[in-house]
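Overview (structure and organization)
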Amino acid sequence: MKARVYISLKNGVLDPQGKAISNSLHGLGFTAVGEVRQGKTIELDLADMAKDKAEEEVERMCQQLLANTVIENYTIELLD
Amino acid sequence: MKARVYISLKNGVLDPQGKAISNSLHGLGFTAVGEVRQGKTIELDLADMAKDKAEEEVERMCQQLLANTVIENYTIELLD
Amino acid sequence: MSEISKEIVAEHGLTEGEYGEVLTILGRAPNLTELGIFSVMWSEHCSYKSSKKWLKTLPTEAPWVICGPGENAGVIDIGDGQAAIFKMESHNHPSFIEPYQGAATGVGGIMRDVFTMGARPIANMNALRFGRPDHPKTGHLLAGVVSGIGGYGNCMGVPTVGGETNFHASYDGNILVNAMTVGLAEADNIFYSAAAGIGNPVVYVGSKTGRDGIHGATMASAQFDDDSEEKRPTVQVGDPFTEKLLLEACLELMATDAIVAIQDMGAAGLTSSSFEMADKGGVGIELNLDLVPMREEGMTPYEIMLSESQERMLMVLKPGREEEARRIFTKWELDFSVIGKVTDSGRMVLTMHGKTVADLPVAPLADAAPEYDRPWQKTRLSPVIRAEDVAAPADLGEVLLKLMGSSEIASRKWIWEQYDHMVMGDTIQRPGGDAAVVRIHGTGKALAITTDCTPRYCYADPETGGAQAVAEAWRNITATGAQPLAITDCMNFGNPERPEIMGQFVGCIDGMRDACTVLDFPVVSGNVSLYNETNGTGIHPTPAIGGVGLLSNLDRMTTLAFKEAGDIVLLIGTLTGEMGQSIYLREIEGREEGAPPRVDLAAERLHGDYLREMIGKGLITAAHDLSDGGLGVALAEMAIAGNIGADIKLETELPLHAALFAEDQGCYLATIRPENIEMVRGFALADDIPLHIIGTIGHTELKITGALTISVDSLRQVHAGWLPRLMTRPGNE
Amino acid sequence: MKAAVIVFPGSNCDRDLKVALAQSMGRDPDMVWHGDSELPDTDLIAIPGGFSYGDYLRCGAMAANSPIMREVVRKAEAGTPVVAICNGFQIAMEAGILPGALLRNANQKFVCHDVDLLVTAENERFVGGYEQSQVVRFAVAHHDGNFYADAETLKELEGEGQVAFKYATASGEVTAEANPNGSMNNIAGIYNKAGNVLGLMPHPERMISEMLTGTDGKTFFDHLVHSIV
Ligand SMILES: Nc1ncnc2c1ncn2[C@@H]1O[C@H](COP(=O)(O)OP(=O)(O)O)[C@@H](O)[C@H]1O
Ligand SMILES: [Mg+2]
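These lines cover the structure that appears in this document, whether it is placed above or below.

**A look at the coordination of the magnesium ion (ligand 2)**
All names here are of chain C. Taken together, Asp434 (OD), Asn476 (OD1) and Asp625 (OD) make up the protein donors of the magnesium ion (ligand 2), found 2.1 to 2.4 Å from the metal. The sequence pattern formed by the donor residues of the magnesium ion (ligand 2) is D-x41-N-x148-D. One end of the pair, Asp434, is in the loop between strand E14 (427-429) and strand E15 (436-439); the other, Asn476, is in helix H19 (residues 462-478), and 42 residues separate them in sequence. The same class applies to Asp434 and to Asn476, which are both buried.

Put into structure tokens, the structure is as follows:
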């Protein structure tokens, strides 16, 4: 089975990349663009297991490694 | 309105970050994990405009800046 | 405005006494914004209330000192109309909470302190302390801190050329991340922070203000307890790209004469920068907070004044120069906003939405900042441990290999290879030697830079430890051939409200004072970080010393690497064989005991001046001081660096394990061509310097008669192997 | 001879490159700001290392879109010699004047140390100062130097003599241990088809005097200048 984790900066945390992207888009004439925020997606192949078990596994992965919970939020999506 | 762009490496393009993540996860005892691929999400605030117009704008942003089509695929999602 | 309750006062870290002081100064109750301003201005971090009394006792003057402590950084004259500007600062608590961003913003902050004064940063250093290597958090913290320091410094294009790294259980819950920056300026174009010129515009430049790290300054002075990791205070995120633009824009504006005063927004952001500028200039300032560039909607005056968003500066410009300045900052894609003006009221008046949101007298608030004479207790000293008190080991070769691969002595290459230590094209001595040597661009002279402190010595005997830290910095600079000029310090200690901790602080200062005086090595800048405690246990006292010296002729520079077979190895100084607090005792006998090696400052001075003179005459082919691990480790380090062995014979009454591994102070190893031996001896006799010929360079082994024979390759392997092995353990990447 | 060094916001090896070129040319190159849309008339374009736009989004992506790059691309296609170093290499790829991509280093870390390089292909203009398959020493300092190209491109690069340098041991063997960043086939630098554009991750401008631990970079610039005038 597969899991997808979406990681984004918490609200209010400065996003230098997003800021630079937005400036650069303006420079290219995309004036309709306002704020830009950049996030991460992490796609994992998982050995088959019960959905709730998987949820829990990935949750622990996020806590321990995938997300920096001091400044980042994450959401988990299971696909199979 | 908002647009979200998902950027991922093309199949076959090796993904050093994904590989490193998968190794660390194994190191931490998450043995159920197989291949890991890392991607980007870019969330844009857009001035309101017709959906198809927006589609087209963001498409051009991806081509010109947001994605490197030599190695990356992207998908666009409009939310409002 | 909400009522100010006892609880709110307490949350702002003000004691009842301090709050009483607030009421008398204002003659009324403060509103929340005003209370917030008092709380950061009077926090330990900004007011130095526990340390001021003692810091004042350090020597800060010398003919070559242009500006001592009190400004953003210290300034010394390095000849030819040039000045070196430098300072070291701590970012300990933020780095423990979020190692990458904590360390990165620490580096960003110290660089701003230096370029605020008109200097282009030319070198970064970092002094790091982590918990014991096998503590579950150590690897993760080390990896994060190192990539954070690299992430910021590398992007800025400023080489990180050296530092120091210790591991000890006392840092398990309180790592230390001290960053130092050295900059280069024209001696007649240095910028200060005193606001002047009634009516002059006050200008905000750099990044927008968000809700970053609000109360970081008070947090940095608050003790940790178990749940503070859960509290997760708003962490600041560094933006090195914006800082690079800010650097170039500031230097471009500084090339004109438009600036009256300039001050970076560090801890306590707009509050401390505006108050400092007003207080130093003896003027008032009026700010319209509506004009502050903001990143987020609906920010309150309280948040705007206390935000610690990075990459921001406050300036006072000459009247009519706004547009010229604006053009420069716009070219560099940075915010520029005139947010107020200098007044003669002596008050800080803040308005927002047409209302006055704070109105405070500047001088009283700054000068009446509390200053404590905290009770302190002298540290009980441990007995000297003599050679006879330590049993001889079975195999001295095994001992040397074990020490070379131990946490204190093993190579830090894994760290510095993640730092761009060559950019700017002037790094003449890279990390791995005694002091880093950075050429003054386009000249034949250079600065020698080092950071040093041996916390286990400071813990056992603060006074000796304080003196030793200064002496070792002086020695590391001397070993390159440079003339030591001045130091910056970063005083990392536990909770000053505990007399034994305050005693450590006082002791270290006493020792530093003596060493600075005898060695003509004044303190020109510094920083204090207190409350480094978790659950009531403090860190080892750690007065990190950053030293800077001048090498006036690069052709007269030495490195520690053995050069040529046939060179003769000299020992300058006297071996006492005292083993207390040595790495040997810790690694081989598992004892952290005894008195640290004694520091004889007169001898220190004599031996160092002699070595420097010999280097200046071009007689020395390699030089290295003795420090952690003593003579044995120093020899091994020189052999590894030069990839050539040596044949050593020690004539001494001491048992060999003591002669080789006692950490005697004021000692150097040096090599010379055989034909120069008489000359070098002659000078030594004249100044009566203890000089011993102990061997010859050659072959592929380090051979010490009666002790050991080990191939240089196997020494290198253990020395290089330890840290990479630690960092590839699961969870440490 | 005239040379132009392109300066982007966040470039930080521009001064080093200027010093190296000046030493070999006997005069300063023009420093050209990214916002300009005109290139001064020049015999060599040099794109320096650093962190243009902070390396945000993708290294070199934003710089590749700045006004001056259109001119650079036009001149490159018209045959003007271009040397693109480190971040410059990344920018040149993003601008499409060199094939492939540079990914995050395999070990995820910034790497800064000297490297030995095997001079792999002949190109009189750029490496005529060296012997065929000589080993030269430059220094790397990057976080994203992991060379990638799809199978055909790689085959073509190797086949058409477009691989300029490979990471190697001091004795010239191309081994995994000598590869600092995981680059395919240990590739450290490549030429475009026409051979007038060179992109490389290692920094020759950091090896221009004995005091800076080497002169192989000086040889590189001396010859480049000599071959252009
Ligand atoms: N965190 C670090 N960053 C960069 N260089 C470091 C760091 N820690 C140690 N080093 C380097 O490792 C070498 C040995 O450090 P140290 O044992 O403290 O030297 P010394 O005993 O001469 O003071 C020095 O060149 C120092 O600059
Ligand atoms: Mg030393």
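**So, the interface of chain B and chain A**
Facing the 29 residues of chain B at the interface are 29 residues of chain A. Interface area for chain B against chain A, summed over the two sides, is near 2500 Å², with a carbon-plus-sulfur share of 64%. Taken as a group, Phe30, Ala32 and Asp45 of chain B account for 22% of the area that chain B buries against chain A, more than any other trio of residues on that side. For the interface between chain B and chain A, the tally reads zero salt bridges. Where chain B meets chain A, there are 10 residue pairs in polar contact (both at pLDDT 80 or more). Considering every element that reaches the side of chain B that touches chain A, the biggest residue donor is strand E2 (residues 33-46) of chain B, with 14 residues. Of the residues contributing to the side of chain B that touches chain A, the split by class is 16 nonpolar, six polar and seven charged.

**Topic: the relation of the copies chain B and chain A**
It takes a turn of 180 degrees to lay chain B on chain A, together with a shift of 0.0 Å along the axis; the resulting RMSD is 0.2 Å. Within this description, the copies of the chain are treated as partners about a two-fold rotation axis. Closest approach to the rotation axis among the C-alpha atoms of chain B is made by Lys40 of chain B, whose C-alpha sits 2.2 Å away. Both copies contact each other with a shared surface, as 100% of the interface residues of chain B are interface residues in chain A too.

**Points about the site of ligand 1**
Residue and element names in this part refer to chain C. Contacts to ligand 1 come from 18 residues, most closely from Asn126, Thr165, Gly432, Gly433 and Asp452. In this structure, a nitrogen atom belonging to ligand 1 sits 2.8 Å away from a side-chain N or O atom of Asn126. Here an oxygen atom of ligand 1 and a backbone polar atom of Gly433 are 2.7 Å apart. For ligand 1, the protein covers 86% of the area, taking 560 Å² as the surface of the free molecule. Those elements that provide at least two residues to the shell around ligand 1 are strand E4 (120-130), strand E5 (160-167), helix H17 (413-416) and H19. A per-element tally of the shell around ligand 1 places E5 first, with four residues. Tallied by class, the residues present in the shell around ligand 1 amount to five nonpolar, eight polar and five charged.

Conventions adopted
- Residues numbered from 1 in each chain as written.
- Chains lettered and ligands numbered in written order.
- Predicted model: local features only at pLDDT ≥ 70, side-chain atom pairs only at ≥ 80, totals over all residues.
- Heavy atoms only, no water.
- Donors = N, O, S within 2.8 Å, 3.2 Å for Na, K, Ca; no water.
- Helix = DSSP H or I, 4+ residues; strand = E, 2+ residues; numbered from the N terminus.
- Buried < 20%, exposed > 50% of the residue type's maximum accessible area, 1.4 Å probe, protein only.
- Contact = heavy atoms within 4.5 Å.
- Buried area = accessible area lost by both parts, 1.4 Å probe.
- Salt bridge = Lys/Arg side-chain N within 4 Å of Asp/Glu carboxyl O.
- Polar contact = N/O pair within 3.5 Å; in protein donor to acceptor, adjacent residues only side chain to side chain.
- Nonpolar A, V, L, I, M, F, W, Y, C, P; charged D, E, K, R; others polar.
- Least-squares fit on C-alpha atoms with pLDDT ≥ 70 in both.
- Near = heavy atom within 4 Å.
- Areas by Shrake-Rupley, 256 points an atom, 1.4 Å probe, with all protein chains shown as cover.

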